Amino acid sequence: MAYIFGIPLLILLAIFQSTLLGTFQFLNGRPDLILLAVIGWGLAGGGEETMVWGLVGGLLLDMLSGIPIGTTSIALILIGTLVSLYEGRIWEANFLMPLGITLAGSLLFHLMSLVIIMLMGREIDWAYAFSRVILPSTFINLLLALPTAQALKGLRNRLYPPEVEI
Amino acid sequence: MRRVSPRVLVVSILLMIALGVLILNLSGFLQPVQTILARPIITAQSWLALRFSALRDVLASPRDMATLRSEVSRLEAENALLQQEIIALREQTAEVEKLAALLNYARGQPQSSYLATNVIGRDVSPFIRSILIGVGSDGGISKGMPVVTSRGLIGRVVEVFATYSRVQLITDPEIVVNILFQESRTEGVLTAQLNGELVVDLIDLSAELSQGELVLTSGLGGKYPADIPVGRILSIHHRDYDLFQQATIQSSVEFDQLDIVLVITNFRPLIFEQPSP
């Protein structure tokens, strides 16, 4: 069930990322919708599904980019794995935990992208990449982290209603 | 024997799939699959891009956009053609003055033919400066074709699929363009800095450049046709102890506002084969 809703959602997010967010920028950054979805689904208790979302989401992003297909998937699968380690305990543990996870996930996602681009033989200006791309995007991801996690938690509760003992 | 946890198993399988896809992609076997898989996504993206573009235009100016769009598209192509003719005429005049002694000299500027198309998306990676356009090999696009707007050069086609293509912008550091300064008749090599700034290097130290001077493609190297506007000189960096001078260029194109672009379809770029060891 998670894939019936998840895959079209990821396709939609990838299209939005390429079409709308390519034009609109806020403080030079733009949110990483697929990354937010993967983290959000993981936080909502997606378990192994989170990693599959990472694989599919990464493939979709790479199809709309000049990066070799498969590379972003590796980054998102690893991020999905990290998030799923905390599944179910996040909301109970600390309200700020999703922000911490999003911060770590965003930094990891962009750093892995940069390493991949470097391996492709491109020059990287690390100072520019950090100040003008990674930090603004991470900040926007943090702003959207809680609403995204809440929305995906709501979706998950609809798909898999929690069992109630009577 | 210790049992492998299901999570480790799932992660390993997924990572292997991703690596497999990556290897297939790098070896070029994935293109047919990508073409098929991308078709519905690109259709949806083109639809959304058009609506989004129309919405943006409606918000920007309350006019009948549907009719205007097709008219704009036609006029952009016509305008680009006229711009090209003006520049070609200026070039010819300059050359006639300079090479008056050389009879029977003709540059032979073939008339460019353009294909107008919509920009349907931008590279999702913030570190790669490229755009997706809504025509591919089905529409007669091939790799290496230069892409312009009525204002000037924007880049060239680097990847072609059946229904869409990827255009690498001149603001991407991977792209190198041989240019010519229109007034001083000096040549140079344009590259983008990592922050997207356009810089011309390898300019003869004795050349007298002036701020605001028009920069055109020189046609050297065979990757771009000659005389396409690239931008104007913003600042000049001239130091007597350097071997060459440099110039920062203000592009004539607003890369953030690209909507419709023109692909020069009758230009065949020269492809140099790597010498065998």
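Residues numbered from 1 in each chain as written. Chains lettered and ligands numbered in written order. Predicted model: local features only at pLDDT ≥ 70, side-chain atom pairs only at ≥ 80, totals over all residues.

A.B. asks: Would you mind going over the sheet that holds strand β12 (residues 260–264) of chain B with me for this structure?
C.D. replies: By definition, the strands of a sheet pair up through backbone hydrogen bonds, in either a parallel or an antiparallel sense. Pairing is antiparallel in the closed barrel, where six strands are placed in the order β1-β2-β5-β4-β3-β12 (chain B). For this sheet, the mean angle separating the axes of adjacent strands, direction not counted, is 45°. (Pairing = 2+ DSSP bridges. Helix = DSSP H or I, 4+ residues; strand = E, 2+ residues; numbered from the N terminus. Axes fitted to C-alpha atoms, helices over the stretch in contact; angles between N-to-C directions.)

A.B. asks: Please clarify how the packing of helix α3 (residues 48–63) of chain A against helix α1 (residues 6–26) of chain B should be interpreted in this entry.
C.D. replies: Between two packed helices, what matters for the description is the angle formed by their axes and the separation of those axes. Viewed as axis vectors pointing N to C, α3(A) and α1(B) meet at an angle of 10°, and their least axial separation amounts to 10 Å. It follows that α3(A) is roughly parallel to α1(B) by the angle criterion. Seen from α3(A), the contacting residues are Glu48(A), Met51(A), Val52(A), Leu55(A), Gly58(A) and Leu59(A); seen from α1(B), they are Arg7(B), Val10(B), Val11(B), Leu14(B), Ile17(B), Ala18(B) and Val21(B). The class makeup of the residues in the contact of α3(A) with α1(B) is 10 nonpolar, one polar and two charged. (Parallel < 35°, antiparallel > 145°, perpendicular 65-115°, else oblique. Contact = placed C-beta atoms within 7 Å. Nonpolar A, V, L, I, M, F, W, Y, C, P; charged D, E, K, R; others polar.)

A.B. asks: Any chance you could explain the interface of chain B and chain A here in plain terms?
C.D. replies: Interfaces are often sized by the accessible area lost when the parts come together. With 38 residues of chain B at the contact, the number on the chain A side is 38 residues. Of all the secondary structure elements, the ones that give two or more residues to the side of chain B that touches chain A are α1, α2 (31–60), β1 (114–122) and β2 (130–133) of chain B. The biggest single contributor to the side of chain B that touches chain A is α1(B), with 12 residues.

A.B. asks: I would appreciate a short explanation of unusual backbone geometry in the present structure.
C.D. replies: Trans is the common state for peptide bonds, and a negative phi is the common state for residues other than glycine. Residue and element names in this part refer to chain B. With phi around 55°, Arg-185 is a residue other than glycine that occupies positive phi space. Relative to the helices and strands, Arg-185 resides in the loop between β6 (176–181) and β7 (187–192). Residue Leu-202 is not a glycine yet carries a positive backbone phi of 60°. Looking at where Leu-202 falls in the secondary structure, it is placed in strand β8 (residues 198–204).

A.B. asks: Looking at this structure, how should I read the environment of Ile69(A)?
C.D. replies: Summarising the element assignment, Ile69(A) is placed in the loop between α3 and α4 (71–84). Judged by local crowding, Ile69(A) falls into the buried class, with 24 C-beta atoms found within 10 Å. In contact with Ile69(A), other than residues within four places in its own chain, are Leu59(A), Asp62(A), Met63(A), Val21(B), Leu22(B), Asn25(B), Leu30(B) and Gln34(B). (Buried ≥ 20, exposed ≤ 12 C-beta atoms within 10 Å, placed from the backbone.)

A.B. asks: What's the story with helix α2 (residues 33–43) of chain A in this structure? I'm lost.
C.D. replies: The buried fraction of α2(A) is high, at 11 of 11 residues. Of all the positions in α2(A), only Leu33(A), Ile34(A), Leu35(A), Leu36(A), Ala37(A), Val38(A), Ile39(A), Gly40(A), Trp41(A), Gly42(A) and Leu43(A) are classed as buried.

It is worth stressing that arrangement in space is one thing and function is another; only the former is reported here.
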